[in-house]
Structure formats: structure tokens, C-alpha cells
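# Overview (structure and organization)
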There are 2 protein chains.
Amino acid sequence: MDRRGVLRSAAAVGAGGAAVTWGAGAAQARPGSRERAPGRPLRVHIVVFDGVEELDFAGPLEVFGAARTVGQQVETRLVTSGARGGCTGRFGTRLTGVGAWDPGSADVVVVPGGGFADRDGAGVWAEIARGRLTRALREAARPGLTMLGVCTGVVVLHAAGVVGDRPCTTHHRAKDHLRGQGADVRDARVVDDGNLVCAGGVSSGIDGALWLVDRALGPEPAGKVEALMEFERRGTVLRTRV
Amino acid sequence: MDRRGVLRSAAAVGAGGAAVTWGAGAAQARPGSRERAPGRPLRVHIVVFDGVEELDFAGPLEVFGAARTVGQQVETRLVTSGARGGCTGRFGTRLTGVGAWDPGSADVVVVPGGGFADRDGAGVWAEIARGRLTRALREAARPGLTMLGVCTGVVVLHAAGVVGDRPCTTHHRAKDHLRGQGADVRDARVVDDGNLVCAGGVSSGIDGALWLVDRALGPEPAGKVEALMEFERRGTVLRTRV
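Values in this document were obtained by computation on a predicted structure and should not be read as measured data.

## Structural notes on the confidence of the model for chain A
Residues and elements named next belong to chain A.
- When pLDDT is averaged across chain A, the result is 89; 86% of the residues are at 70 or more.
- Segment residues 1-17 is flagged for pLDDT under 50; beyond a separation of four residues in sequence, or across chains, it makes 32 contacts in the model.
- For the stretch residues 25-32, pLDDT sits under 50, and the model shows 19 contacts to residues farther than four places along the chain or on other chains.

Dropping the structure here:
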């Protein structure tokens, strides 16, 4: 099966709203709730893979890392979809010592994108064709786990059956594709659908992560992170469950 | 000598305006000029080191990488200040296969920051105390080379004697320090002083790199990169040589 075939097949899991559900309406996954259990750090795992776009993962890593700098209990970890290892980003960044897939010990899993325009290169299409990451994401879904899709990472999440027909967003160049797959793609920089939060293209991942800091830890830490990073979120977060 | 002593000593190189000069007023270093020689790619080297802040280097890497994506001739390379090797970022990102220091083959050298608040940890203070990066930067200065200091990378550039009393900016928490060292610290997100361009804290590096794309390659590619990244530069670039 070629990659497009694999994609259609994988995406079909989530077609027509038959997406994996993992307590989307549960209280702990609602906006304003706290992913973090009392007394325990917020544990954020960021998936990386060959062809991952550097800012897609580094933006959220910076935000959650800076949250720790401003005094919050937050742990960040880069992870692969398999064993501990390494990978090379879209712009040549070679990562090593990346942690093994272990979503059971995560409160938030961040899925960045990369390589959407390059059907035959490294990146989201290769990951979808390979199937390991999509399978891992599908099996990771559980009550209490929030997934943050960044940029074309949302395409991966859709192929994993995690998005289905839920409200979401993605990189502007991938919106038509996702709509064609049955997703309810909205025009917002960040869309919060409870345990599925999606950010638009590349730099929007910073906004998406800041929103999760706000939602999980409060607006004060989020504001401190913004000040530290000399960044301000833009646009209305489209919260579907208010 | 303790680190503060080393710093004062190193910074003294640039005190009182006695900074290294490398053709700051030369035509090829003026805003609006082209760093890129005709027919040759714009060659961007981004220095990384233990404790480097992830977004400080990943932001500019993304911008210059995206410039290639939108059709510009741009080469990006992560480099150390010494031999080919690796390092670990402030938030745990382990980089490997990082290129050797070779500024003679660069048109732009980007110097990110990191760890300014942590006097005894990895980051800019350790790099300044060690002296290899500062020496390398001082010796790299030559006509035709533009240096882009990002965040507290400007503190490193000052310790290298590259900033002296020239107009610059840095992370807001490092401004008092730099002023105390004799730098002409301005309140702008990006300050362009010809062959020395400085960006403020963390995310400002994206703006600084976008400005350099604009200056070296033109506003049209810069706008395309912004669109691709779903980012817009903010604030007036303080250009001192117009």
C-alpha cells in the first residue's frame, strides 16, 4: 500500500466521528480544570521523530520548561514513539538520548508536525505510513491525558483516530486535507476541545502550550512564562466546552 | 579567578567603546544591504553550548530554514565553539553531530543565550568563564560577517568584546547588567547596528532572524516565512544606521 493508501486506511479509524474516545467530557479534561494531580508535577511528554519541525517541538518545550523556571511543578521530556533513541529534525537538528514512549506517565502528550509538504520525505507522512506513532497515540488515549497537536501534528493525531470529527485546527496549508478527512477544522490559532487541544502552524504551538499552562496551572504562571519569554499569546482560544 | 572576575576581565575588552571592530560602517554591513554574495547561499551558523535555551536557537533555525522552504538560498548549521560534538540545552534537549566552529564560512553567526539566572550552572556564565566561545567570537569578527545576538547571547557577545558601547538589546532581565558593562542598551525588540544585530529575550530571536531575512534577502521572502510559520514580527526594528 502506498502512503496515501496507508493514510486513508489509518484515518478511517476516526472517520464519521468514530474517533477514539478517552473521556472527552470528563471533568478533569475540561477547560479550567487541572491536568495535574495535587502534589505531583505536570508531566509533559513531547514526541519527536525524523523530520519533526524544530519550532513545533521547541516552542512547547520552552513554554513548559519556562513554567518550571517561574516556580511551577512541571516536568518535560522529549520522547520517541518507541525505544529510547534519537532522530533528526527537519532543519538538521540531531537529537539523541530521547526518552522511550511512556504515555502512562504523562499528563500531556504534545504531538508536533513537520514535512507535510514533502510526501516522500521524513516527517508526518512517513510516520503515518510507518504506523508506530499513530498506533502508540491511539493506544495512549486514556481519561486524564490531554493531547496537544501542533501544526501538522494534528494530521498525525487524526490518522491515529484521535481527532475524528472533533473541533480542531492545524497549519493553514493542511486544513483542506484535514477537512477532507472529516475533521471539524476551525479558524482559530488554538482550539480547545477538552482533552484534545490543537494549535495552528509552527509558532502557534507556543500559544497552544501557553494556553495549557493557563488551563492546567493558572493564568498567573502563564503570564509569568509569557513575560520571561517576551512573548504574548494572540487570538481567542476557541473553547468548545464552555 | 571566579566567574565574575573572568567576566569583568573579558568584558573589559569592549569597555569604553574599545570593542572589536569589523567594518561596522562598511557598505555590506549596512541595513538594506545583502550579506549574501551573488549566486551563493546565505550561510547561517548558530552556536550552541551546554545550557543554551532551546527557543533561543530553534527560533532562528526555524526562520532561516523556512526561508529555504520558501525558495531562498539559505544554509543553516548548528555549530559548537570548538570541534564537532554535542551539548545539552537548558531544558534537557541533547544535541549531537553539531558542526565544528568555522565562522570563515558563515555570513551570519547567531549567538543564543541561556542560563543567565543561574550563575553557577551551564549556560552563558559558564561559557564566559571558560573563554573559548568568547575568544572564538572575538577572532571571528571580520568585514562581511553579521552577528545576531539573541537574548543573553548578547551578554556573551559583550564579554567577547564584540558589543562594547554599541547600541544593542538583550533579555529584559539582563539589561541592567549589560548597561553596567557599558553597553548602549536600547528598549526595542530588535536593534540593528549594522553588522551587529541584537534581539531581546527568547522569542525575540524569531523577530531578529526575520529581520535579517528581510534585510539580507528582502521583505517578500521574510513575509513568506512569517506566513509559513504563522508568526508576525512585532515592534519597530531600531536601525541605528539609517
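## Let's talk about the interface of chain B and chain A
- Every contact between the two is made by 39 residues of chain B and, on the other side, 39 residues of chain A.
- When the area that chain B buries against chain A is broken down by residue, the three leading residues are Glu62(B), Phe91(B) and Glu230(B), summing to 24%.
- In this structure, the connection of chain B to chain A is made through two salt bridges.
- Arg234(B) is the salt-bridge partner of Glu232(A), the closest N and O atoms lying 3.2 Å from each other.
- At the junction of chain B with chain A, the criterion picks out 21 residue pairs in polar contact (both at pLDDT 80 or more).
- Breaking the side of chain B that touches chain A down by element, the ones donating at least two residues are helix H2 (54-69), strand S2 (74-79), strand S4 (94-98), helix H7 (204-217) and helix H8 (219-229) of chain B.
- Element by element, the count of residues in the side of chain B that touches chain A is highest for H2(B), at 10 residues.
- When its residues are assigned to classes, the side of chain B that touches chain A shows 13 nonpolar, 14 polar and 12 charged.

## With respect to the nonpolar core
- Among the nonpolar cores identified, the biggest contains 152 residues, and Leu137(A) and Leu137(B) are the most heavily contacted of them.
- Non-local contacts of Leu137(B), meaning those with residues more than four positions away in its chain, are made with Trp101(B), Val109(B), Val111(B), Met147(B), Val156(B), Leu157(B), Ala160(B) and Val162(B).

## Focus on the packing of aromatic side chains
Residues and elements named next belong to chain A.
- Scanning the entire structure with this criterion turns up two aromatic pairs over all chains.
- Measuring from ring centre to ring centre gives 5.2 Å for Phe-116 and Trp-125, while their planes differ by 35°; the resulting arrangement is tilted.
- By relative accessible area, which is 2% here, Trp-125 ends up buried.
- Just above the ring of Trp-125 sits the side chain of Arg-119; from NZ or CZ to the centre is 3.6 Å.

## Points about the pairing of strand S6 (residues 146-150) of chain A
Residues and elements named next belong to chain A.
- Counted residue by residue, S6 has five buried out of five residues, so it is predominantly covered.
- Here S6 shows a buried face lined by Thr-146, Leu-148 and Val-150 and a second buried face lined by Met-147 and Gly-149.
- Alignment of S6 against strand S10 (residues 196-199), held across four bridges, turns out to be parallel. Paired with Leu-148 across the strands is Val-197, a residue of S10.

## Some details on the relation of the copies chain B and chain A
- The two copies are related by a screw operation: chain B maps onto chain A through 180° of rotation and 0.0 Å of translation along the axis, at an RMSD of 0.0 Å. In short, the pair behaves as if placed about a two-fold rotation axis. Across chain B, the smallest distance between a C-alpha and the rotation axis is recorded for Leu95(B), namely 2.4 Å.
- An overlap of 100% is found between the interface residues of chain B and their copies at the interface of chain A, pointing to a shared contact surface.

## A word on unusual backbone geometry
All names here are of chain A.
- Not every positive phi belongs to a glycine, and Val-202 is a case in point at roughly 40°.
- Secondary-structure assignment places Val-202 in the loop between S10 and helix H7 (204-217).
- When its relative accessible area of 4% is taken as the criterion, Val-202 is described as buried.
- Unusually for a residue other than glycine, Glu-230 sits at a positive phi of about 50°.
- Tracing the chain through its elements places Glu-230 in the loop between helix H8 (219-229) and strand S11 (237-239).

## Things to note about the packing of H7(B) against H8(B)
Residue and element names in this part refer to chain B.
- In contact at an axis separation of 6 Å, H7 and H8 are set at 145° when each is read in the N-to-C sense. Contact residues: H7 offers Ile-206, Leu-210, Val-213, Asp-214 and Leu-217, while H8 offers Pro-219, Pro-221, Ala-222, Val-225, Glu-226 and Met-229.
- When grouped by side-chain class, the residues that make up the contact of H7 with H8 number nine nonpolar, no polar and two charged.

## A short note on the sheet that holds strand S9 (residues 190-193) of chain A
Residues and elements named next belong to chain A.
- Here we have seven strands laid out as an open sheet, ordered S2-S1-S5-S6-S10-S9-S11, and mixed in their pairing. Every other strand in the sheet has two partners, leaving strand S2 (74-79) and S11 as the edge strands with one partner each. Within the sheet, the average angular offset between the axes of one strand and its neighbour, ignoring direction, is 15°.
- In the sheet, strand S5 (residues 108-111) pairs with S6 via four bridges, with the strands oriented parallel. The residue of S6 that forms the bridge with Val-110 is Leu-148.

The rules behind the values
Residues numbered from 1 in each chain as written. Chains lettered and ligands numbered in written order. Predicted model: local features only at pLDDT ≥ 70, side-chain atom pairs only at ≥ 80, totals over all residues. Heavy atoms only, no water. pLDDT = per-residue confidence, 0-100. Contact = heavy atoms within 4.5 Å. Buried area = accessible area lost by both parts, 1.4 Å probe. Salt bridge = Lys/Arg side-chain N within 4 Å of Asp/Glu carboxyl O. Polar contact = N/O pair within 3.5 Å; in protein donor to acceptor, adjacent residues only side chain to side chain. Helix = DSSP H or I, 4+ residues; strand = E, 2+ residues; numbered from the N terminus. Nonpolar A, V, L, I, M, F, W, Y, C, P; charged D, E, K, R; others polar. Core = buried A, V, L, I, M, F, W, Y, C linked by side-chain atoms within 4.5 Å. Buried < 20%, exposed > 50% of the residue type's maximum accessible area, 1.4 Å probe, protein only. Phe/Tyr/Trp six-rings, centres within 6.5 Å; stacked < 30°, edge-to-face > 60°. Lys NZ or Arg CZ within 6 Å of the ring centre and 35° of its normal. Pairing = 2+ DSSP bridges. Least-squares fit on C-alpha atoms with pLDDT ≥ 70 in both. Axes fitted to C-alpha atoms, helices over the stretch in contact; angles between N-to-C directions.

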